[in-house]
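Coordinate analysis (summary)
Below, each chain spelled out in residue letters.
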Amino acid sequence: MLVLFETAAGYAIFKVLDESKLQQVDSLYKDFETPEKANKVVKLKHFEKFQDTTEALAAATAIVEGKIGKTLKKVLKKVVAKEAHEQLAISDAKLGGVIKEKLDVSCIHSPAVAELMRCIRSQMEGLITGLPFREISAMSLGLAHSLSRYKLKFSPDKVDTMIVQAISLLDDLDKELNNYIMRCREWYGWHFPELGKVITDNLAYCKTVRKIGDRTNVAGSDLSDILPEEIEAEVKLAAEISMGTEVSEQDIGNISHLCDQVIEITEYRAQLYDYLKNRMMAIAPNLTVMVGELVGARLISHAGSLLNLAKHPASTVQILGAEKALFRALKTRKDTPKYGLIYHASLVGQTTPKNKGKISRMLAAKAALAIRYDALGEDTNAEMGAENRAKLEARLRQLEEKGIRRISGTGKAMAKSSEKKKKKKKKKIKEEEEED
């Protein structure tokens, strides 16, 4: 049996001297405790060293993709083809299938082979002669860096990761802000409960609390830079007749610190939203025009990348995000959902409940085209998205004016026939009454 062993420095072909050792998988490591013992089990038959990092990178990428590189093909033809009767042990079953198909070499992959590879790797210095350990380490590091750069450079969806991360962070910030604001209102509400009813805006509430501190300071505080005059007057009046309990300076200090956190997070959220808006207009301008930057970013995040989203048909884009409802409907044999994440698009939101399903289907069809244009097209303008949006808005106005259902010719005939039947029934009833 021959063994194909891949290293960062090159390809090594080993000859298994004692194949009976492979049957004892659990105790195989004992035969590789020292280089001397290892040389009794396997022997180096041939080592093909890579000329440079470029060749090593080409070989590594070919193996990752399950293909035979030029260097590997050369080695297999040179060494293995001479001993065609021998089986070739390999670490990747997919690669074995390709070798078998292209070169007609019998390949084997099993747990025993995997353990043998691990044992060879542990004694690689002693088994591969003429290759210092420092050189192997340097080539491993160089290959690792080159492979990482190659993957990053040729990843078609590397730009989408920024959008996916940004929209996920935006959702997390919204949850945290809600928790913080709720806690702040509840906490300060013990001291000044009337303030929460007067000021409904969360940011203005936190800024006001931070500025006044204790409610006794309201009369002497100028809140004109935060609140309108009418609301400021209401706050000052409410502070005079407040039913809240007294709190210490330490409590006010902690509440003020919480308000600082809310204000900072709110400002960062606004900055992050602007960043996401610019990113979406740069990467998917047509999709952004069609459904908006938030809905578009959520669709990309849900699919994994813009390229993955482009592979989905319009029917999938329409219900993306409503998978649970879809499978529940299929299981219980009820109506399937008409929309998922696309429901939050402005076009669907401004329609009447009666037309939402129809508009979401039309929007999904046009959005699917826009996604493919953004992912696979060379142009970066949003003309197609704007054009399709105008068509959808015109269609929406038409539906709202005339209604979805139109009585066709057959419909009119059916209506007439039903009216005739009703008249006949009425006549019969009258005749029967007269006879009685």
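By the naming in an unreviewed UniProt entry, the chain is Nucleolar protein 58, taken from Sphaeramia orbicularis. Recorded under Sequence similarities (unreviewed entry), the UniProt text for the chain is reproduced unchanged: "Belongs to the NOP5/NOP56 family."

This part is about the overall build of the chain. Looking only at helices and strands, one finds 21 helices and 5 strands in the chain. For 436 residues, the compact-globule estimate of 2.2 N^0.38 gives 22 Å, and the chain exceeds it by more than 25% at 36 Å. Seen through its principal axes, the chain has C-alpha atoms that stretch 105 × 90 × 50 Å. Residue burial in the chain is summarised as follows: out of 436 residues, 38% are buried. The contacts of the chain with a sequence gap of at least 6 include a subset with a gap of at least 24, amounting to 65%. Accessible surface for the chain amounts to roughly 26300 Å². Of this, 53% is attributable to carbon and sulfur atoms. Charge-centre separation for the chain: the mean point of 70 positive side chains lies 11 Å from the mean point of 61 negative side chains.

On to the packing of aromatic side chains, then. For any two aromatic rings, the description comes down to two numbers: the centre-to-centre distance and the angle of the planes. Scanning all chains against the criterion turns up 4 aromatic pairs. For the pair Phe-5 and Phe-14, a centre-to-centre distance of 6.2 Å together with 70° between the ring planes defines the contact as edge-to-face. Sitting over the ring of Tyr-205, Arg-185 keeps its end group 4.4 Å from the ring centre.

If you walk through the whole model with that rule in mind, you get 12 salt bridges. Notably, a salt bridge pairs Asp-171 with Arg-298, separated by 2.6 Å at the nearest N-O pair. With Asp-171 in helix 8 (residues 160–189) and Arg-298 in helix 14 (residues 293–303), the pair connects residues that are 127 residues apart, well separated along the chain. With a shortest N-O distance of 3.2 Å, Glu-246 and Arg-215 are connected by a salt bridge. With Glu-246 in the loop between helix 11 (229–240) and helix 12 (249–283) and Arg-215 in the loop between helix 10 (202–212) and helix 11, the pair connects residues that are 31 residues apart, well separated along the chain. Overall, the relative accessible area of 10% leaves Arg-215 in the buried class.

Looking now at unusual backbone geometry. Outside of glycine, negative phi angles account for most residues, and trans bonds account for most peptide bonds. Phi is positive for Arg-333, which is not a glycine, with a value near 60°. You can see Arg-333 is positioned in the loop between helix 17 (323–332) and helix 18 (346–349).

All right, on to a negative patch on the surface then. Taken together, the side chains of Glu-431, Glu-432, Glu-433, Glu-434 and Glu-435 present a region of like negative charge at the surface. Judged by its relative accessible area of 56%, Glu-433 falls in the exposed class.

Let's shift gears to the pairing of strand 1 (residues 2–6). Counted residue by residue, strand 1 has 4 buried out of 5 residues, so it is predominantly covered. Where strand 1 lies against strand 2 (residues 10–16), 5 bridges are found, and the strand directions are antiparallel. Within strand 2, the position partnered with Phe-5 by the bridge is Ala-12. Linking two consecutive strands that pair antiparallel, namely strand 1 and strand 2, is a turn of 3 residues.

Partitioning the chain into domains gives domain 1 (2–152), domain 2 (161–275) and domain 3 (284–402). The C-alpha-based centres of domain 2 and domain 3 are spaced at 37 Å. Both faces combined, the contact of domain 2 with domain 3 buries some 600 Å², and carbon together with sulfur accounts for 67% of it. On the domain 2 side of the contact with domain 3, Val-164, Ile-167 and Tyr-273 bury the most area, a combined 64% of that side's loss. Across the domain 2-domain 3 interface, the total number found is 1 salt bridge. Per element, the largest residue contribution to the side of domain 2 that touches domain 3 is 6 residues, and it comes from helix 8.

Another point: the nonpolar core. The biggest cluster of nonpolar side chains holds 65 residues, and the ones touching the most others in it are Tyr-188, Phe-192, Val-235, Val-291 and Leu-363. In terms of residues, this core owes the most to one element, helix 12, which gives 11 residues. Three or more residues apiece are contributed to this core by two domains, here domain 2 (161–275) and domain 3 (284–402). Aside from chain neighbours lying at most four places away, what touches Val-291 is Gly-296, Ile-342, Ala-345, Leu-363 and Ala-367. Counting residues in hydrophobic clusters, the runner-up holds 50 residues, among them Phe-32, Ile-120, Leu-127 and Leu-143.

Reading across the sheet, the 5 strands line up as 3-2-1-4-5 and stay open at both edges, with mixed pairing between neighbours. Every interior strand has two partners, whereas the edge strands, strand 3 (42–49) and strand 5 (107–108), have only one. Against the sheet, helix 5 (residues 111–122) engages strand 1, strand 2, strand 3, strand 4 (88–89) and strand 5, with an angle of about 60° to strand 1.

A few words on the pairing of strand 2. Consecutive side chains of a regular strand alternate in pointing toward one face of the sheet and then the other. Most of strand 2 is tucked away: 6 of the 7 residues are buried. When strand 2 meets strand 3, the two strands line up antiparallel, connected through 7 bridges. When the bridges of strand 3 are listed, Tyr-11 appears paired with Glu-48.

Rules used throughout
Residues numbered from 1 in each chain as written. Predicted model: local features only at pLDDT ≥ 70, side-chain atom pairs only at ≥ 80, totals over all residues. Heavy atoms only, no water. UniProt positions renumbered as here; feature names shortened; annotations may be inferred. Helix = DSSP H or I, 4+ residues; strand = E, 2+ residues; numbered from the N terminus. Rg over C-alpha atoms; globule rule 2.2 N^0.38 Å. Buried < 20%, exposed > 50% of the residue type's maximum accessible area, 1.4 Å probe, protein only. Contact = heavy atoms within 4.5 Å. Areas by Shrake-Rupley, 256 points an atom, 1.4 Å probe, with all protein chains shown as cover. Lys, Arg positive; Asp, Glu negative; His and termini not counted. Charge placed at Lys NZ, Arg CZ, Asp CG, Glu CD. Phe/Tyr/Trp six-rings, centres within 6.5 Å; stacked < 30°, edge-to-face > 60°. Lys NZ or Arg CZ within 6 Å of the ring centre and 35° of its normal. Salt bridge = Lys/Arg side-chain N within 4 Å of Asp/Glu carboxyl O. Patch = residues over 30% accessible without salt bridge, like charges linked within 9 Å, V, L, I, M, F, W, Y side chains within 5 Å. Pairing = 2+ DSSP bridges. Domains from an automatic or database assignment. Buried area = accessible area lost by both parts, 1.4 Å probe. Core = buried A, V, L, I, M, F, W, Y, C linked by side-chain atoms within 4.5 Å. Axes fitted to C-alpha atoms, helices over the stretch in contact; angles between N-to-C directions.

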